[in-house]
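This is what each chain is made of:
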Amino acid sequence: PVFNRCVFESKPRTRNRLLCTRSCTMAAISSRVAVSLSHAHKSTAGRPLGSKPIAPLRTRANRTVVRAHSSGPEDDEPLDARAFRRALSKSKNYNRRVSGDEDVLDQMAEAGISAVNKGGLIATMKENGFKYQRGEIDISLAESYGFCWGVERAVQMAYEARKQYPEDNMHITNEIIHNPTVNKKLKEMEVAFIEPVEDKEGSPKDFSNVEEGDVVILPAFGASVQEMQLLDERGVQIVDTTCPWVSKVWNAVDAHKRKEFTSVIHGKYAHEETIATASFADKYIVIKNLTELEYVRNYIMNGGDKEEFLVKFSKAVSEGFDPDEDLQRVGLANQTTMLKGETEEMGKALQQTMMEKFGVEAVDDHFMFLDTICDATQERQDAMYKIVEENPDIVLVVGGWNSSNTSHLQEIAEHKGLTSYWVDQPSRIEAGNKITWLTSWGEMKTTENWLPEGKLRIAVTSGASTPDKVVEDVLDRVFATKEGECV
């Protein structure tokens, strides 16, 4: 079919627009949101027509716990997430627009968290072919790197919100982006982060301090539809910084839902973005990589041990998931920060599986794919593939350690067999020529004498949530270490 043939053609992207992502716990795929009992029955005046109250599942101590899934109260009709989002967007208590306040942009630049540090080293390198030489070090900068449009937009909206509501209690449902420097700045602005009740995967969030009239920011990765319902009913002012590319994925899973397809989400089940995406789906399974996909493909073709399947994907499927029934019609969507090539391989594999099982003429009745690969993620990955071909002596990847898109940049360098160090902040480069870094699979390491003597060629890139100033501060420590100065 023409539609499916076109989907997987490799298309070069030259536009440097849009977006990106971030991460968390399993708290919303099959998760729960904790709210104070004293607020659980607040007036719902001002709630958009058509939105449904969240059904409390059980009460313990002074906290009501509700499960975040894509249905309304028990014995009620399933929640129409798309209708709810549309109604919410028309509410006077909802905003997702950037005002473009120049004073705010200046404030961000002064804080070192703007996309471009004017007059800084990175800006200089861009003007000089992405190269810089100092002493024995030659630096090459990836041609696409750092803050994407969606991240910059989210941070700007948060700053604008604090300026607009200087005295109000302000909260955010998660890290706004996966960058420790940026999130620290928000805390300094007295933006309260809504934390899980317990520090473990799957723990519900505690919304008990969020009261009517407060301001709540939804981060760039989005929030689950159940969290949106809760905040709407609480009567707060919502500032929605969700990346438009993430919203595009939500539209894709909504299309799956309406056509009664199961959503196969290429992503990490505990990542905030995937948690939010899954909340808009009906039936879904989250698949991390091609190894997991091969297991699912084999089950589709040959059947298997249902109990084993459900144990394997216990944290990554919708409530009541039945692999015998729910894998007959599937639609593919992706967490926007995953490797583009891997998502495309998954699409081709699923399409081929359905052709083999049901016939070429029936494939459109059993498989669908809407392109939701983020331009910015793709561009940074393409630039990384290009720069590693130069075979530098060292690769430096700068970005939050919980950043999915940054982990894939590190992964590209590792697969090339290069010496690559992933740091989240300048302080990881320590006195005595020592560096603490992370592998793409999450293992923290410390390396002594990481900068060898003599001339060095270092390639540098940064994740989509990393301001230029952070990269420059990292390079300052590199130069100081090489030149024998204190860091």
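What you see is a predicted model; the values in this text were computed from it and never measured.

Observations regarding unusual backbone geometry
- Although it is not a glycine, Phe-130 adopts a positive phi angle of roughly 65°.
- With respect to the helices, strands and loops of the structure, Phe-130 is situated in the loop between helix H4 (121–127) and strand S5 (131–134).
- Phi is positive for Asn-433, close to 60°, though the residue is something other than glycine.
- One can find Asn-433 in the loop between strand S18 (429–430) and strand S19 (434–438).

Some remarks on the pattern of salt bridges
- Summed over all chains, the structure comprises 19 salt bridges.
- Linking Glu-294 and Arg-297 is a salt bridge whose minimum nitrogen-to-oxygen distance equals 3.4 Å. One end of the pair, Glu-294, and the other, Arg-297, are both in helix H10 (residues 290–302), three residues apart, so they sit about a helical turn from each other.
- Between Lys-306 and Asp-322 there is a salt bridge, and its shortest N-O distance comes to 3.2 Å.

Points about the sheet that holds strand S11 (residues 237–240)
- What the five strands build is an open sheet, ordered S4-S11-S10-S7-S8; its pairing is parallel. At either end of the open sheet lies a strand with only one pairing partner, and these are strand S4 (94–95) and strand S8 (191–193).
- Alignment of strand S7 (residues 170–172) against S8, held across three bridges, turns out to be parallel. Among the inter-strand pairings, His-171 is bridged to a residue of S8, identified as Ala-192.

Here's the deal with the pairing of strand S20 (residues 444–448)
- Note: S19 against S20, five bridges, orientation antiparallel. Residue pairing across strands places Ile-435 opposite Thr-447, the latter belonging to S20.
- The antiparallel hairpin formed by S19 and S20 contains five residues in its connecting segment, where Gly-442 sits at a positive phi of about 95°.

Some points on the sheet that holds strand S12 (residues 262–266)
- The strand order across the open sheet built from four strands is S13-S12-S14-S15, with neighbouring strands paired in parallel fashion. Each edge of the sheet is formed by a strand with only one pairing partner; in this case those strands are strand S13 (284–287) and strand S15 (367–369). Here the average twist between neighbouring strands, direction ignored, is 25°.
- Judged from the five bridges that link them, S12 and strand S14 (residues 330–334) form a sheet pairing that is parallel. Bridge assignment links Ser-263 to a residue of S14, and that residue is Gly-331.
- Strand contacts of helix H8 (residues 244–258): S12, S14 and S15, with the helix running at about 170° to S14, the strand carrying the most contacts.

Considering helix H15 (residues 404–415)
- Taking 1.5 Å per residue as the helical rise, H15 with its 12 residues ought to reach 16 Å, and the 16 Å between its terminal C-alpha atoms agrees with that figure.
- Of all 12 residues that make up H15, 10 are buried, and the element is covered over most of its length.
- Listed as buried for H15 are Ser-404, Asn-405, Thr-406, Ser-407, His-408, Leu-409, Gln-410, Glu-411, Ile-412 and Ala-413.
- Residues of H15 that are buried sit in contact with helix H14 (375–388), strand S16 (394–398), strand S17 (420–423), S19 and strand S21 (456–462).
- Of the residues trailing H15, Gly-417 is marked for its positive phi of about 85°.

Cut-offs used in this document
- Residues numbered from 1 in each chain as written.
- Predicted model: local features only at pLDDT ≥ 70, side-chain atom pairs only at ≥ 80, totals over all residues.
- Heavy atoms only, no water.
- Helix = DSSP H or I, 4+ residues; strand = E, 2+ residues; numbered from the N terminus.
- Salt bridge = Lys/Arg side-chain N within 4 Å of Asp/Glu carboxyl O.
- Pairing = 2+ DSSP bridges.
- Axes fitted to C-alpha atoms, helices over the stretch in contact; angles between N-to-C directions.
- Contact = heavy atoms within 4.5 Å.
- Expected span 1.5 Å × (residues − 1).
- Buried < 20%, exposed > 50% of the residue type's maximum accessible area, 1.4 Å probe, protein only.

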